[in-house]
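So you can see what is in the structure, the chains are spelled out below.
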Amino acid sequence: MEEDQELERKISGLKTSMAEGERKTALEMVQAAGTDRHCVTFVLHDEDHTLGNSLRYMIMKNPEVEFCGYTTTHPSESKINLRIQTRGALPAVEPFQRGLNELMNVCQHVLDKFEASIKDYKDQKASKSESTF
């Protein structure tokens, strides 16, 4: 029971509010009856293959993860079901959070490199235009 409350606390940090006075859940955690916390399906609303495949890749890099896969519910719906099954005592929410953090770090690194390249390009362009006058 205490473990379930801990999982709920961790998941509640991943939920977002969409409008004033109205809360819309961006993430749901679904467990089949009779299963433990090592095999969980996460439903991510307003997401598609872009996040699903990237997140699946990051989560599968964890050696404690036995299975991770995702499906889109229907082409007209923008939600994905991400299933994680872990080995040993690691609850499925742990690699999920770690995968999200690692994916954010990779995206931030790409953004930083992109912005640095744009700055270098603009600096080179400015120096070339100054030297031609």
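Parameters at a glance
- Residues numbered from 1 in each chain as written.
- Predicted model: local features only at pLDDT ≥ 70, side-chain atom pairs only at ≥ 80, totals over all residues.
- Heavy atoms only, no water.
- UniProt positions renumbered as here; feature names shortened; annotations may be inferred.
- Buried < 20%, exposed > 50% of the residue type's maximum accessible area, 1.4 Å probe, protein only.
- Helix = DSSP H or I, 4+ residues; strand = E, 2+ residues; numbered from the N terminus.
- Pairing = 2+ DSSP bridges.

The name recorded for the protein chain in an unreviewed UniProt entry is DNA-directed RNA polymerases I and III subunit RPAC2, from Otolemur garnettii. What UniProt records for the protein chain under Subcellular location (unreviewed entry) is the sentence "Nucleus".

A. Just the pairing of strand 4 (residues 79-86), in detail. Alternating positions in strand 4 separate cleanly, Ile80, Leu82, Ile84 and Thr86 being buried on one face and Lys79, Asn81, Arg83 and Gln85 remaining unburied on the opposite face. The sheet contact formed by strand 2 (residues 39-45) and strand 4 spans seven bridges and is antiparallel. The residue of strand 4 that forms the bridge with Val43 is Asn81. Here strand 3 (residues 65-72) runs beside strand 4; their pairing, made up of seven bridges, is antiparallel. When the sheet's bridge partners are listed, Thr72 is paired in strand 4 with Ile80. The loop that links strand 3 with its antiparallel partner strand 4 comprises six residues.

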